[in-house]
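Coordinates in review
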Amino acid sequence: MKLTVIGLGQCGSRIADQFARLDRKAQVERKTRLAPNVFAVNTDQADLTGLRYIKKDYLHRIIIGLRQTLGHGVGKINELGAELAREDGDKLIDAMKAESGIYESHAFLLIAGTAGGTGSGAIPILAQMIKERYLSKPIYALVVLPFEHEINSEARSVFNTATCLKSIYDVVDAVFLADNQRYVRKDASLINNIEKINRSIAMPFYDLLCAGEVTKHKHVGARTIDAGDLIATIEGWTALGLGRTELPALRFPWEIKKKHFREKAVESFRGSQALDASISDLSINCDPKDSSKIIYAISGPPKEMNMDMVKSISEYLKEIAPNALIRGGDFPGEKHFIDVTLVLSQLSSVPKIEMFYQKALQYATDNKIQIQEIQNKIQSLTDLGKGLPSL
Ligand SMILES: Nc1nc2c(ncn2[C@@H]2O[C@H](COP(=O)(O)OP(=O)(O)OP(=O)(O)O)[C@@H](O)[C@H]2O)c(=O)[nH]1
Ligand SMILES: [Mg+2]
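Everything numeric here is computed off the predicted structure, so don't read it as measured data. (Residues numbered from 1 in each chain as written. Chains lettered and ligands numbered in written order. Predicted model: local features only at pLDDT ≥ 70, side-chain atom pairs only at ≥ 80, totals over all residues. Heavy atoms only, no water.)

Inspection of the entire model under this criterion finds one cavity of 30 Å³ or more. Reported here for the largest cavity is a volume of approximately 70 Å³. Lining the largest cavity are Met1, Leu3, Leu109, Tyr140, Phe176, Phe205, Leu208, Leu209, Leu230 and Ile234. Among the elements that take part in the lining of the largest cavity, helix H11 (residues 205–211) stands out by supplying three residues, more than any other. Per-class residue counts for the lining of the largest cavity are 10 nonpolar, no polar and no charged. (1 Å grid on protein atoms, 1.4 Å probe; cavity = no way out; pocket = protein on both sides within 12 Å on 5 of 7 lines; lining within 4 Å. Points joined across faces, edges and corners; volume = space filled by probe spheres on them. Helix = DSSP H or I, 4+ residues; strand = E, 2+ residues; numbered from the N terminus. Nonpolar A, V, L, I, M, F, W, Y, C, P; charged D, E, K, R; others polar.)

Here it is, written out as structure tokens:
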């Protein structure tokens, strides 16, 4: 599946930059492309300069709202981010028109951090603009939820996240959720290594998007998944994860035929082991039981991926997600690993989203009361001075 990727704001642009990197990786490793057109849109000029892989011209790194923000961002006011996207969104649409190849992509992927101002505000507006112009293509969003410390210390982050989630869900076909805090939980040192988090967010898309695209024989799996399978599966709130099990090192290729029977029996468990890893790696905390549509891709050396493994993975998935329609396929990938990419889609419950909605409603009510209190205080101060003569 080929995506046209559009990163918005600092977070969105940096993750879009990772998709541009994965596109190069796919060209080298698998002679295919997965994101031939990548754009970054921001109100902040310096952020656009820091990107590495996205083309450097003004049609790929697009500044919006320059007149209003003088190139310095919107300072977390996502209403302003939305307004600037409304005024300047044509810049992105024009840039896409100038690019050949947009029509060959299967879908759009817009990316943003929900807690900031620019990306959070711009993403529903630009998604709507694209939807009106490219009627036949699905539009997906990949949104990044704030760290725990941001939720606890900045009410505005919570409010931005809730309004962004609500608005984007109404416009796009599916919303991939990535929770920054999940990546820190796995490796605490990552809080200081945002680039590594960005890599981990983008990486699960690699096998998934490559699977249906590769044409060279050695890369084609026995039961492949393609863009059609992905489009039929990806819908609504969506989580994804990538799990890996390492294979024992073989010194010579013929050793594989001499495997001990006990080792052979272990083989089919490796798929389930990788599946377990991908479930614990999911981009947001959720229960597979709440998913109605699932797609998985197994990748590894062709000789290791036997039918038993595919069977055991799909049986295991049926057990943990009895209500879901499950699609899957295999794909010859890396030599020493079995990787399982898992997409849980059409989730009916995501505890973190509920938490954001509830907190934001509280924030809005408190804010109203607070504003009213401040206005009352100002009024009583004015009333107090009424008797004084004016200068
Ligand atoms: N994973 C990840 N999160 C990021 C990155 N940059 C910022 N964030 C998170 O995104 C949120 C802030 O959004 P930004 O993208 O910085 O904001 P923006 O869209 O540029 O908007 P303004 O700066 O307010 O104009 C916070 O929750 C950050 O923790 C990044 O590169 N990767
Ligand atoms: Mg910014």
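That covers the picture; the talk isn't over yet.
Spatially, S3-S2-S1-S4-S5-S6-S7-S10-S8-S9 is the arrangement adopted by the 10 strands of the open sheet, whose pairing is mixed. This sheet does not close on itself; its edge strands, each paired only once, are strand S3 (61–63) and strand S9 (325–332). The mean angle between the axes of side-by-side strands here comes to 20 degrees, regardless of whether they run parallel or antiparallel. Set on the sheet, helix H8 (residues 155–171) makes contact with strand S5 (139–145), strand S6 (174–179) and strand S7 (236–246); between it and S5 the angle comes to about 170 degrees. (Pairing = 2+ DSSP bridges. Axes fitted to C-alpha atoms, helices over the stretch in contact; angles between N-to-C directions. Contact = heavy atoms within 4.5 Å.)

Okay, the nonpolar core next. Ranked by size, the top nonpolar core spans 68 residues in total, and within it Ile6, Met96, Leu110 and Ile130 carry the most contacts. Both domain 1 (3–203) and domain 2 (237–347) contribute no fewer than three residues apiece to this core. When neighbours within four sequence positions are excluded, Met96 is seen to be in contact with Thr4, Ile6, Phe39, Ile102, Phe108, Ile130 and Tyr134. (Core = buried A, V, L, I, M, F, W, Y, C linked by side-chain atoms within 4.5 Å. Buried < 20%, exposed > 50% of the residue type's maximum accessible area, 1.4 Å probe, protein only. Domains from an automatic or database assignment.)

So, on to the site of ligand 1. Among the 23 residues in the neighbourhood of ligand 1, the closest are listed as Cys11, Thr118, Gly119, Asn180 and Asn198. A distance of 2.6 Å is found between an oxygen atom of ligand 1 and a side-chain nitrogen or oxygen belonging to Thr118. Gly119 places a main-chain nitrogen or oxygen 2.7 Å from an oxygen atom of ligand 1. Protein coverage of the free-state accessible area of ligand 1, which is 640 Å², stands at 90%. Counting only elements with at least two residues in the shell around ligand 1, the list comes to helix H1 (9–30), helix H6 (118–133) and helix H10 (194–202). (Near = heavy atom within 4 Å. Polar contact = N/O pair within 3.5 Å; in protein donor to acceptor, adjacent residues only side chain to side chain. Areas by Shrake-Rupley, 256 points an atom, 1.4 Å probe, with all protein chains shown as cover.)

This next bit is on the domain arrangement of the protein. Segmentation of the protein into domains returns domain 1 (3–203) and domain 2 (237–347). For domain 1 and domain 2, the distance between their C-alpha centres works out to 29 Å. Domain 1 puts 15 residues into the contact, and the matching count from domain 2 is 14 residues. Taken together, both faces of the contact between domain 1 and domain 2 bury some 1,300 Å²; the carbon and sulfur share is 57%. Our count for the domain 1 to domain 2 interface comes out at zero salt bridges. Where domain 1 packs against domain 2, one counts six residue pairs in polar contact (both at pLDDT 80 or more). Looking at the side of domain 1 that touches domain 2 residue by residue, the classes come out as 10 nonpolar, no polar and five charged. (Buried area = accessible area lost by both parts, 1.4 Å probe. Salt bridge = Lys/Arg side-chain N within 4 Å of Asp/Glu carboxyl O.)

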